[in-house]
Structures are given as structure tokens and as C-alpha cells.
Amino acid sequence: TIAANIENLSNAESPVYLVDQYSGINPDIDLFDGIHPNETGEVKMAKAWYNKLATVLDTFQHQSRNYYVSPLGSDMGPGTLSNPWKTVDKVNRVSFYPGDSILFQCNRVFYGNLSISNSENSDEDPDLIISSYGSGKAIIYGGKGYGILLDNCSNMVVHNLKFLGAGRLSGNTSDGVIIRDCHNI
């Protein structure tokens, strides 16, 4: 059986978990062709994954990391110093944890609207840091939009960066820095 195979494969260094995605699926309602899930089936399967991951990750201790962004990087990379990300858009798609640092290469321009939201940390958590690395300041160019939006965040430090936009005469109607529903920023 599958459960027996998992028991044989799983060990303390590399645990393997079984996620039962079939229980709770009604083939007449949750499968569009009797085999493949439709939208309601996908939601039920996602909940099965989430419930298993939540129990596994409950004891997860995040190790703070530095994430690097450079115009010479690639958004397909891990965001390390030797293999940095390239764009603001990539940063916007990642979930960060207390103690993490997002570091943009100094004296370089990054185009886009940096947006960090729902980064609610407890007062005991270390700060999430957004800054530059190297000697100088990175520039976040928001064009006709904002340079950075912090929404519903806490325990963050933003420093050693320049936020620039196209200017009001060029049609920019947004503020360069927006901090909304935040504390300890």
C-alpha cells in the first residue's frame, strides 16, 4: 500500500508525509470529467495540502535570510548574493519572515512599485529590513506610481534607499512612500 511505502521511505532526516486528497472529494461535484478536479475539487485538494503542511510546519523555525536584488540577477534564482533576483516584481511575489533582509544593489535603479503587505509580526519578532547593499543607495523608480507601499505591516526598517517617480508634471498622482495601517516602522 502507499501508506506502507511511505513508512519505509520516511526517516528522521528526511520525513515523508501522506496527503489524502481523495477523502472528501465527490466525483459528481468536484471532478469535471470524473478524473480531473474542477474549481471546487481544487479548493478541497488545496485544503488537504494546507492542513497537512500546517501540522508539519507548526514546529518550523525560520532561519532569517538575506535576499539580494541586482539588475544583473535572475528572478529564477534563489536571491542569494552570488545568484540575486533581478526585479522588484520578484520581491513583491515572495513572502518574507521576521528577521529577513531584502537588499538592493547600491547605485543601481530598480523599476517598479515595491509592495510589502500583511507582514504582521509580534513585538518580540526581529525586524524585516529593506535596504541597499554595497556603498551607496539603490534607487526604486516607481514611474507614475508609488515607490514603496507598506500595508498592514509591523516591525520593519526601511533605510539607505532612494524612492523616485516620474513627478507630478509627468502624470504621477501617487505618493512616493505609502505607509498604511502599520506600526513599528
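Overview of the structure. (Residues numbered from 1 in each chain as written. Predicted model: local features only at pLDDT ≥ 70, side-chain atom pairs only at ≥ 80, totals over all residues. Heavy atoms only, no water.)

Our focus in this paragraph is the side chain of Ser101. Positionally, Ser101 belongs in strand S2 (residues 101-105). Within polar-contact distance, the side chain of Ser101 engages the side chain of Asn66 at 3.4 Å. Residues contacting Ser101, with those up to four places away along its chain left out, are Arg65, Asn66, Tyr67 and Ile129. (Helix = DSSP H or I, 4+ residues; strand = E, 2+ residues; numbered from the N terminus. Polar contact = N/O pair within 3.5 Å; in protein donor to acceptor, adjacent residues only side chain to side chain. Contact = heavy atoms within 4.5 Å.)

Bringing the nonpolar core into the picture now. Counting 20 residues, the largest nonpolar core has Val91, Phe96, Ile102, Phe104, Leu114, Ile116 and Ile130 as its most contacted members. Of all the secondary-structure elements, those providing two or more residues to this core are strand S1 (66-69), helix H4 (88-92), S2, strand S4 (114-117), strand S5 (128-133), strand S6 (138-141) and strand S7 (148-151). Not counting residues up to four positions away in its chain, the partners in contact with Phe96 are Tyr67, Trp85, Val91, Ile102, Ile116 and Leu128. (Core = buried A, V, L, I, M, F, W, Y, C linked by side-chain atoms within 4.5 Å. Buried < 20%, exposed > 50% of the residue type's maximum accessible area, 1.4 Å probe, protein only.)

Right, let's get into the side chain of Ser132. Within the element layout of this structure, Ser132 appears in strand S5. One polar contact links the side chain of Ser132 to the main-chain amide nitrogen of Ala138, over a distance of 2.8 Å. Polar contacts involving the side chain of Ser132 include one to the main-chain carbonyl oxygen of Asn160, which spans 2.5 Å. Discounting residues that sit within four places of it in the chain, Ser132 has contacts with Leu103, Phe104, Cys106, Lys137, Ala138, His159, Asn160 and Leu161.

Turning to the sheet that holds S5, a few remarks are in order. Strands in a sheet are paired, the pairing made by backbone hydrogen bonds, and the direction either parallel or antiparallel. Read from one edge of the open sheet, four strands run S1-S2-S5-S8, paired in parallel fashion. Each edge of the open sheet carries a strand with a single partner, namely S1 and strand S8 (156-158). Across the sheet, the mean angle separating the axes of adjacent strands is 20 degrees when strand polarity is ignored. Pairing between S2 and S5: five bridges, direction parallel. The residue of S5 that forms the bridge with Leu103 is Ser131. (Pairing = 2+ DSSP bridges. Axes fitted to C-alpha atoms, helices over the stretch in contact; angles between N-to-C directions.)

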